[in-house]
Amino acid sequence: MDSLLTTLFHIPAAYAQKATSGDVTTETTDQITGLVTFIIGQIPLWITAILVLIATFVIAKMVKAGVESKMTAEGFEEEHKEVQIVASRTASAAVLIIGITVALKIAGIDLTPIIAAGAFGMGFALQDLIMNFVAGVMILSGRQVTIGDIIQVNGTLGKVVEIQTRATVLKAFNGTKIMVPNADLFKNQVTNFSANPYKRIQLMNGVAYGSDLKQTMKVVLDTVKSTQGVLAVPKPSVVLYEWGDYSINFKINAWVEKGKSIKVRNRLI
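Thresholds applied
- Residues numbered from 1 in each chain as written.
- Predicted model: local features only at pLDDT ≥ 70, side-chain atom pairs only at ≥ 80, totals over all residues.
- Heavy atoms only, no water.
- Pairing = 2+ DSSP bridges.
- Helix = DSSP H or I, 4+ residues; strand = E, 2+ residues; numbered from the N terminus.
- Axes fitted to C-alpha atoms, helices over the stretch in contact; angles between N-to-C directions.
- Contact = heavy atoms within 4.5 Å.
- 1 Å grid on protein atoms, 1.4 Å probe; cavity = no way out; pocket = protein on both sides within 12 Å on 5 of 7 lines; lining within 4 Å.
- Points joined across faces, edges and corners; volume = space filled by probe spheres on them.
- Nonpolar A, V, L, I, M, F, W, Y, C, P; charged D, E, K, R; others polar.
- Expected span 1.5 Å × (residues − 1).
- Buried < 20%, exposed > 50% of the residue type's maximum accessible area, 1.4 Å probe, protein only.
- Arc of directions from axis to C-beta.
- Polar contact = N/O pair within 3.5 Å; in protein donor to acceptor, adjacent residues only side chain to side chain.

**Student:** How should the sheet that holds strand β8 (residues 248-257) be read in this particular structure?
**Tutor:** Hydrogen bonds along the backbone pair up the strands of a sheet, which may run parallel or antiparallel. Taking strand neighbours across the sheet as the criterion, the three strands line up as β6-β8-β7 in an open arrangement whose pairing is antiparallel. Looking at which strands have only one partner, the edges of the open sheet turn out to be β6 (198-207) and β7 (237-243). When strand polarity is set aside, the average angle formed by the axes of neighbouring strands in this sheet is 25 degrees. Packing of helix α9 (residues 213-226) onto the sheet brings it into contact with β6, β7 and β8, and relative to β7 it is tilted by some 135 degrees.

This is the structure in structure tokens:
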């Protein structure tokens, strides 16, 4: 029997015979007592960590608002809105990273396995999120697409009203809001109808056969140049286009600032 106990449990048979239910109860009680003592000792640290975590989120929000306000006062809001967004988000993220790290350290949580697990998760479950986040930062910093631009991607046409961390929000002309993942703006062809700060107005007109074409082109070009709202650069032009059934037609090209094309077109006509 002694040999059997020693072989199965790798403990001396004499020790096994001495073990009683009282010993087991005492050992379990000691373990529970030690666990309770440990938890009670950790409570102040956990409370402190929670308070630090709450303060971190509050401070991060204040820092983000402060950076936006400061850059607005410096005039970044109108001409460099994207830079303002990147700066405020970067400052907020830095505060969150530092605060969360301090809170976990106070709570006695080892960051090594958390970092390892986070890296593993980011490589798989968070792959799309990270890709969209990086794409969003590159969109804001590169300014290839900016807030207010009218773009078309994947057959979707709309005005860019917001560039979020994960997606770009478009407002279609029927008022519908469309969420486009930021990564799609890099993977697919994007047509930006607002990339050029100017817009071309093109008109067709004609004169009767037998008219003095040289004089006609001079009069029309002088009229276009003197029209309020027509830009001197790029230069406007008048070119003969075709022989129509009843007239010789010509084409007028004039450049105007965005948002003024309807009024200037009316003046030209």
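Read on, since the account is not over.
**Student:** What exactly am I supposed to notice about the layout of surface pockets here?
**Tutor:** If a probe as big as a water molecule is rolled over the atoms, it shows which places are left empty. Computed from the structure, the second largest pocket encloses a volume of approximately 260 Å³. Along the walls of the second largest pocket sit 14 residues, with Arg89, Thr90, Ala93, Phe133 and Thr165 positioned nearest its centre. Mapped by element, the contributors of at least two residues to the lining of the second largest pocket are α5 (81-106) and α7 (127-142). By residue class, the composition of the lining of the second largest pocket is seven nonpolar, five polar and two charged.

**Student:** What exactly am I supposed to notice about the sheet that holds strand β4 (residues 177-181) here?
**Tutor:** The five strands lie next to each other as β4-β3-β2-β1-β5, forming an open sheet whose pairing is antiparallel. Every other strand in the sheet has two partners, leaving β4 and β5 (190-192) as the edge strands with one partner each. Taken over all neighbouring pairs, the strand axes of this sheet differ in orientation by 40 degrees on average, direction set aside. Relative to strand β3 (residues 167-171), strand β2 (residues 156-163) runs antiparallel, the two being bridged by four bridges. Of the residues in β3, the one forming a bridge with Val160 is Leu170.

**Student:** What's the story with α9 in this structure? I'm lost.
**Tutor:** The end-to-end C-alpha distance of α9, which contains 14 residues, comes to 20 Å, matching closely the 20 Å that a straight helix rising 1.5 Å per residue would cover. Burial in α9 covers these residues: Thr216, Val220 and Val224. One face of α9 carries all of its buried residues, which in axial projection span an arc of 60 degrees. Of the exposed residues in α9, the ones pointing more than 90 degrees away from its buried face are Lys214, Lys225 and Ser226. Tucked inside the fold, the buried residues of α9 contact β6, β7, β8 and α10 (261-268). Backbone nitrogen of Lys214 and a side-chain oxygen of the N-cap are separated by 3.2 Å at the start of α9; the cap is Asp212.

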